[in-house]
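# Structure assessment
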Amino acid sequence: MKSHKRIKIVFSILLPLLFCAFHSWSQKNTSGSFIFQGVVYGYHHEPSRNILKKSKPFVIEGLLSGVSIKVYDDDKLIYQKITNNNGELRIALPLNRLFKLELSKEGYDTNILQIDTRHLPKAKNGMSVAFIGAEFMLNSFIVKEDNKDVSIGSLYFDDIKGSFEFVVNFKKEKKADNSIELMRKAVLKNKTTLSSASYSVLPFFSPLDTSAPSIRNKSGTQFGLSPAGIQNILPEDVAFRKTEIERERMQLEEDKTHVVSKQDSIVISAREAVIHASEVELQNALTLIQVQKSELSHKKRELYITIAGMLLLSISSLVLYIYYRDKKRTNQILETQNRNILDSITYAKRIQQSILIDEEEIKKVLPDFFVYYQPKDIVSGDFYWFSNLDDKLVVAVVDCTGHGVPGAFMSLVANTILNQIVNEKHITDPALILSHLHKGVTNALHQEKINSISNDGMDMALCVINKGKNKIMYAGAINPLYIVHNNEVNVVKADMQSIGGRRRRTATEHERKFTNHTVAIKEGMSFYMSSDGYADQFGGESRKKIGTEKFKQLLLDIGTQDMSRQKDIIQQTMKEWRSGYRQIDDMLVMGFKI
């Protein structure tokens, strides 16, 4: 029993001694660590694949908190943490290993970086090699990929060049990953940093760690300066910090004169490194303050612009409201006026239609007959005229100057004068009818006066059908007579002068002579008269007028069919020709067989 107690006593004494020895040995033989630090940003970018659309904008969302940081060693998770509110990450990795760093957050894509610490220089006395200023960008527009575990590349230390290098994963390179460019910039920055020994091997209590120990040299000077960090630094702190650094620098220079041993040199070198780091930190703080001032100035400018924009928007809204209110009131007035005008024109249409003899009435005395009548507007400047007098049928196609309301007024004037000439005076000679109509129009519009403001007139074709004598007499002003017979189209030309209007300011202009043409009626003959609206209509694949030649060919193609069928074909042909084009003039085509 005593021997057992002695053994326990020995072990109780040896175990602490062995632990202390082992701890001391491990501290002396540590190979240091690799410090990797940086920040994580979020952004949104959805590239457009439609060349007809503009590319989607690239929107920076800022630093990302709550990003999962995972480190794998040979596919085994060895470290896990999340970024803080400033999106910062800082990890310490052992040397001589190959790691996989994975950054992920729900709703964002994943970034993977291979980190190789196998060729890093072995640090001494608890020092660590650091890679500072890495930046990662996580896109909230997640692109679907077959393999989401593809890394952006591999970060390693080239012991020959003495600097960090970065090898790109070419699968990611083809997709133009933003983190690739950021990592390249970080590597370039660390190449500059690692050019001097004071930066390539940093104290483990780097600016991210404020637990720096105090260092005392043999001369007894206490060195308490440690990096304070530049987050939330106030401008008034800068002067104090600068004075503190200058005081420590002066103390260091004085202490250098008291160096007597190697241990003193080591302490002085350590103090030199910390002072230098503090000077760099101060410079960064000054830069940050300048940036903050610039940002504040920029924000003030943005505020002023926003206020000015809001004022301008308010004024514009008020102006637009007043304009809208006045425009609405004006539109209501115009709507009322337009309704009244439309009602008047619609009533005028009823008046104009009342003077046109119904097609079915004409067919009672001229069975093989049709009239295709298509005004451009509500009322028309084209009209047809018919009279059955003394076993003679008088038919006419009249095309007055203009269309719409002006043309409609002229058609009323012409219709009234024709009734007087034929139905009251019983004049049935076509040439005389046209001459008397010309005189009546010039008298009605006072065109015989030299200072007359009216130059309106009309073109027309007129036929007098004498069934007893089996002949047709025709006279025309501009508009011809078309005759289809024996698979041919014959054109009886009109006189090239209009009815009404002025050609010359002379006394003889009051009278115009027209020419009679007599045509013997033969079996199978078809007769056609038309205004110029049908032939002048634009359309077809050529986007040109249908033209006189196409119109004549159309009459030749349909000449043997009955008149009712011919009207349908003429109407359908124009509908297809006009497809997509507006009507430019009134259209009137008349056809008959005896």
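Report follows, based on the coordinates. (Residues numbered from 1 in each chain as written. Predicted model: local features only at pLDDT ≥ 70, side-chain atom pairs only at ≥ 80, totals over all residues. Heavy atoms only, no water.)

Attention shifts here to the pattern of salt bridges. Under the definition given, this model contains 20 salt bridges. The residue Asp 326 makes a salt bridge to Arg 325 at a minimum N-O spacing of 3.7 Å. Residue classification places Arg 325 among the partly exposed positions, given a relative accessible area of 37%. As a salt-bridge pair, Arg 329 and Asp 326 come within 3.8 Å of each other at their nearest N and O atoms. One end of the pair is Arg 329 and the other is Asp 326, both in helix α6 (residues 262-355) and three residues apart, which spans about a single turn. Look at Arg 329 and you get partly exposed, because its relative accessible area is 46%. Within this structure, Arg 249, Glu 253, Lys 256, Glu 272 and Glu 279 form a network of salt bridges that share partners. (Salt bridge = Lys/Arg side-chain N within 4 Å of Asp/Glu carboxyl O. Buried < 20%, exposed > 50% of the residue type's maximum accessible area, 1.4 Å probe, protein only. Helix = DSSP H or I, 4+ residues; strand = E, 2+ residues; numbered from the N terminus.)

With that settled, consider the packing of helix α8 (residues 404-424) against helix α9 (residues 430-444). Interaxial distance between α8 and α9 falls to 10 Å at its minimum, and their mutual angle equals 130°. Judged by the inter-axis angle, α8 sits oblique to α9. Crossing hand, α8 versus α9: right-handed. The residues of α9 that touch α8, namely those facing Met 410, Val 413, Ala 414, Ile 417, Leu 418, Ile 421 and Val 422, are Ile 433, His 436, Leu 437, Gly 440, Val 441 and Ala 444. (Axes fitted to C-alpha atoms, helices over the stretch in contact; angles between N-to-C directions. Parallel < 35°, antiparallel > 145°, perpendicular 65-115°, else oblique. Left-handed = near helix turned anticlockwise from the far one by under 90°. Contact = heavy atoms within 4.5 Å.)

Considering the arrangement of structural elements, one finds Thr 428 in the loop between α8 and α9. Owing to a relative accessible area of 16%, Thr 428 belongs among the buried residues under this scheme. Within the local environment of Thr 428, its side chain forms a polar contact with the side chain of Lys 392, the two groups lying 3.3 Å apart. Leaving out residues up to four positions away in the same chain, Thr 428 has contacts with Leu 389, Lys 392, Ile 433 and Val 464. (Polar contact = N/O pair within 3.5 Å; in protein donor to acceptor, adjacent residues only side chain to side chain.)

So, on to unusual backbone geometry. Here the phi dihedral of Asp 74 falls at roughly 55°; this positive angle occurs in a residue that is not glycine. Inspection of the secondary structure puts Asp 74 in the loop between β3 (68-73) and β4 (76-82). By relative accessible area, which is 69% here, Asp 74 ends up exposed. Phi is positive for Asp 75, close to 65°, though the residue is something other than glycine. Considering the arrangement of structural elements, one finds Asp 75 in the loop between β3 and β4. Classification of Asp 75 by relative accessible area gives exposed; the value is 66%.

Next up on the list: the packing of aromatic side chains. All told, the structure shown has 11 aromatic pairs when counted by the stated rule. Between Phe 34 and Phe 36, the aromatic rings sit 6.4 Å apart at their centres with planes inclined by 50°, giving tilted as the arrangement. Assigned by exposure class, Phe 34 and Phe 36 land together as buried. When the centroid spacing of 6.0 Å and the interplanar angle of 85° are considered together, the rings of Tyr 372 and Tyr 534 count as edge-to-face. (Phe/Tyr/Trp six-rings, centres within 6.5 Å; stacked < 30°, edge-to-face > 60°.)

Residue placement: Met 496 occurs in the loop between β19 (488-492) and β20 (499-500). The exposure class assigned to Met 496 is exposed, which follows from its relative accessible area of 66%. Separated by 18 residues in the primary sequence, Met 496 and Ile 478 have C-alpha atoms spaced 4.9 Å apart.

This part is about the environment of Ile 472. One can find Ile 472 in strand β17 (residues 471-477). Given a relative accessible area of 0%, Ile 472 falls into the buried group. For the pair formed by Ile 472 and Val 394, sequence separation is 78 residues and the distance between their alpha carbons is 9.8 Å. Beyond its immediate stretch of four places on either side in the chain, Ile 472 contacts Cys 463, Val 464, Ile 465, His 517, Thr 518, Val 519, Ile 521, Phe 527, Phe 592 and Ile 594.

One open sheet holds the five strands; their spatial order is β13-β25-β22-β18-β19, and the pairing between them is antiparallel. Looking at the sheet topology across the chains shown, the edges are occupied by β13 (369-374) and β19. The sheet shows a mean angle of 20° between the axes of neighbouring strands, direction not considered. Where strand β18 (residues 481-485) lies against β19, five bridges are found, and the strand directions are antiparallel. (Pairing = 2+ DSSP bridges.)

The contact between helix α10 (residues 547-558) and helix α11 (residues 563-578) brings their axes to 10 Å, and the two run at 145°. In terms of crossing hand, the pair formed by α10 and α11 is right-handed. Between α10 and α11, the residues in contact are Lys 550, Leu 554 and Ile 558 and Gln 566, Ile 569, Ile 570, Thr 573 and Trp 577, respectively. A per-class count over the contact of α10 with α11 returns five nonpolar, two polar and one charged. (Nonpolar A, V, L, I, M, F, W, Y, C, P; charged D, E, K, R; others polar.)

Next up on the list: the nonpolar core. With 54 residues, the main nonpolar core has Leu 437, Met 458, Ile 499, Met 529 and Phe 592 as its most contacted residues. Ile 69, Leu 120, Phe 131 and Ala 134 belong to the second largest nonpolar core, which has 33 residues in total. (Core = buried A, V, L, I, M, F, W, Y, C linked by side-chain atoms within 4.5 Å.)

Moving on to α11. Between its terminal C-alpha atoms α11 stretches 23 Å, which fits the 22 Å expected from 16 residues at 1.5 Å a residue. For α11, the set of buried residues is Met 563, Gln 566, Ile 569, Ile 570, Met 574 and Trp 577. All buried residues of α11 project into a common sector of 130° when viewed along the axis, lining one side. Residues of α11 that are exposed and point more than 90 degrees away from the buried face comprise Lys 575 and Glu 576. Residues of α11 that are buried sit in contact with β13, β22 (526-530), β23 (538-539), β24 (544-545), α10 and β25 (587-592). In the stretch just after α11, Gly 580 is the one whose phi turns positive, near 90°. (Expected span 1.5 Å × (residues − 1). Arc of directions from axis to C-beta.)

Spatially, six strands are ordered β4-β3-β6-β7-β9-β10 in an open sheet, and the strand pairing comes out mixed. The outermost strands of the open sheet, each flanked by one partner alone, are β4 and β10 (163-168). Averaged over all pairs of adjacent strands, the angle between their axes in this sheet comes to 20°, without regard to strand direction.

By themselves, these observations are geometric and do not establish any function.
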